[in-house]
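Listed below, chain by chain, are the residues.
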Number of protein chains: 2
Amino acid sequence: MTQNIYDDPEFFDAYSRLPRSRDGLEGAPEWPSLRALLPPVARARVLDLGCGYGWFSRWARDQGAASVLGVDVSERMIARARSEGDDAPITYVRADLETYAPPPGAFDLAYSSLAFHYLDALRPLLGRIYEALTDGGSLVFSVEHPLLTAPDRPEWVEGENGEAVWPVRRYLDEGMRRTDWLAPGVIKQHRTIETYLRLLREAGFTLRELCEWGPSREQIAAQPEWKKERERPFFLLIRCSR
Amino acid sequence: MTQNIYDDPEFFDAYSRLPRSRDGLEGAPEWPSLRALLPPVARARVLDLGCGYGWFSRWARDQGAASVLGVDVSERMIARARSEGDDAPITYVRADLETYAPPPGAFDLAYSSLAFHYLDALRPLLGRIYEALTDGGSLVFSVEHPLLTAPDRPEWVEGENGEAVWPVRRYLDEGMRRTDWLAPGVIKQHRTIETYLRLLREAGFTLRELCEWGPSREQIAAQPEWKKERERPFFLLIRCSR
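Description of the structure in this document. Please read these numbers as outputs of a predicted model, since none were measured by experiment.

**Focus on the pairing of strand β9 (residues 183-190) of chain A**
Part 1 of the reasoning: In terms of residue burial, β9(A) counts as a mostly covered element, since seven of its eight residues are buried.
Part 2 of the reasoning: What sits between the antiparallel neighbours strand β8 (residues 175-181) of chain A and β9(A) is a turn of one residue, in which L182(A) has the positive phi angle 70°.

**Quick look at the sheet that holds strand β7 (residues 164-168) of chain A**
Part 1 of the reasoning: Pairing is antiparallel in the open sheet, where four strands are placed in the order β6(A)-β7(A)-β7(B)-β6(B). The open sheet has two edge strands, β6 (157-158) of chain A together with β6 (157-158) of chain B, and neither has a second partner.
Part 2 of the reasoning: Both β6(A) and β7(A) contribute to a ladder of two bridges, which runs antiparallel. From the neighbouring strand, V157(A) faces β7(A), where its bridge partner is V165(A).

**Points about the pairing of strand β1 (residues 45-49) of chain B**
Part 1 of the reasoning: For β1(B), the tally of buried residues reaches four of five residues, placing the bulk of the element in the interior.
Part 2 of the reasoning: The parallel pair β1(B) and strand β2 (residues 67-72) of chain B, bridged by helix α4 (residues 55-62) of chain B, forms a crossover whose chirality is right-handed.

**Quick look at the interface of chain B and chain A**
Part 1 of the reasoning: Taken together, the contacts link 34 residues of chain B with 34 residues of chain A.
Part 2 of the reasoning: With both chains or domains summed, chain B and chain A bury close to 2900 Å², and 49% of this area falls on carbon and sulfur atoms.
Part 3 of the reasoning: Its largest share of buried area at the contact with chain A, chain B owes to L172(B), E212(B) and E231(B), together 22% of the area lost on that side.
Part 4 of the reasoning: Scanning the region where chain B abuts chain A turns up eight salt bridges.
Part 5 of the reasoning: Here R169(A) ties to E231(B) by a salt bridge, and the two come within 2.5 Å at their closest N and O atoms.
Part 6 of the reasoning: Here chain B is connected to chain A by 24 residue pairs in polar contact (both at pLDDT 80 or more).
Part 7 of the reasoning: Looking at the side of chain B that touches chain A, the elements that each hand over two or more residues are β7 (164-168), α8 (193-203) and β10 (206-213) of chain B.
Part 8 of the reasoning: A per-element tally of the side of chain B that touches chain A places β10(B) first, with seven residues.
Part 9 of the reasoning: Note that β7(A) and β7(B) share three bridges and pair antiparallel. Bridging from a neighbouring strand, V168(A) pairs with W166(B) of β7(B).

**What to know about the relation of the copies chain B and chain A**
What connects the two chain copies is a rotation about an axis and a shift along it.
Part 1 of the reasoning: Placing chain B over chain A gives an RMSD of 0.0 Å and needs a rotation angle of 180°, together with 0.0 Å of translation along the axis. Both copies are brought into coincidence by an operation consistent with a two-fold rotation axis. Considering only C-alpha atoms, the part of chain B nearest the rotation axis is P167(B), at 2.7 Å.
Part 2 of the reasoning: The share of interface residues of chain B whose copies in chain A are also at the interface is 100%, consistent with both copies meeting through the same surface.

**Focus: helix α8 (residues 193-203) of chain A**
Part 1 of the reasoning: Within α8(A), burial applies to I193(A), T195(A), Y196(A), L197(A), L199(A), L200(A) and A203(A).
Part 2 of the reasoning: G204(A) occupies a position one or two residues after α8(A) and carries a positive phi of about 110°.

Thresholds, definitions, all that
- Residues numbered from 1 in each chain as written.
- Chains lettered and ligands numbered in written order.
- Predicted model: local features only at pLDDT ≥ 70, side-chain atom pairs only at ≥ 80, totals over all residues.
- Heavy atoms only, no water.
- Buried < 20%, exposed > 50% of the residue type's maximum accessible area, 1.4 Å probe, protein only.
- Helix = DSSP H or I, 4+ residues; strand = E, 2+ residues; numbered from the N terminus.
- Pairing = 2+ DSSP bridges.
- Right-handed = clockwise from strand over helix to strand, strands pointing away.
- Contact = heavy atoms within 4.5 Å.
- Buried area = accessible area lost by both parts, 1.4 Å probe.
- Salt bridge = Lys/Arg side-chain N within 4 Å of Asp/Glu carboxyl O.
- Polar contact = N/O pair within 3.5 Å; in protein donor to acceptor, adjacent residues only side chain to side chain.
- Least-squares fit on C-alpha atoms with pLDDT ≥ 70 in both.

Purely geometric stuff here, so don't read any function into it on its own.
Right, here's the structure in full:
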């Protein structure tokens, strides 16, 4: 079973202060790239897996989605999402993605932001998402890039000339990683790009686009402290279709 | 134009002493994984791009290929390949892959081992390979993994606890890298996985399988000094189809 770290008070408190929590999609630097992968959302039936505070669910509603079903395992997250309004066409459901089975054939778009790398049993979920989509439906999701999840200690080290160097460690040894991020002992699952693509293929999906995200030169001009984030990709964004 | 380093006497001499040069496919540890990506070669018309000494061309012949066309820019390589026998169904052609146009619709399988990361203009070549394949034909190729081509100095560094750490540097900054490997000033082109997949898609290919290769546990048992090679993938192997 996946750790429900978002209901840990210390983690939740720290998470709620992140720009992406305070400012929503506009506070997430990868959002423009992720949005560019989305099919038209107007009139679509949307499934938002790991919906968190519901920022994407509300955005999809504002784009004219026919319906939006937001799912999250965290009671605190769902409560916060509902407090921002859970009128039609949005519905929120508290459920564990490891076991959650969305209704078959009911969605045109499944979306998930930064949730899948917490899941132990991703392959069965991908199969259930495939079943939940109509033919031609899309799955668009982001995860931490495998270069982030690989090392035991995901921290910059100093190179010979004082430059920031990202240490790749244990890339090919997949499985659980326990890191300290916002709270001690956060558990993530490290998977290679090869494995993400294989799991999608096994579930029946066709890969459409893959993006190894790092900040753009424009974003670095606005936030010079992000310069080193181009040394290695930060997020992996994928669009695939049934 | 791509550097023809294989006709550099110093490089050629060092290259000819590598296990993969002496022992052929069996001396290349990634060969079992690459072979597993191949469609049936018997009766196939095979294009071997960057054929080197012709190890794969002869293997394809021995598998019963209908024809094998080996292409390499290096005069020394082609001469060596021919000296091992260039009877039917093998033909060797000396040509620069940057400009070489194979005959359209003439091949069932295009294969390339560790050549594409030397090429400046890969996208046009992929388009010409696509045209050279029949519908349903396959392109199977290997390149150095982008984690190998990214850093300016692709060398292990020592971590805090004396462990081998692979330094990721400049992953998102694509383009030329000048490294010292077998000879000084070898020029390679760094591309991300995102870019390899995009170029294939733009050329019309459908991705079938992607493998981030490192030695297997069995290979490490036989060659314990390879243990650190599982810290990060070494080769990127791809099968795609027209």
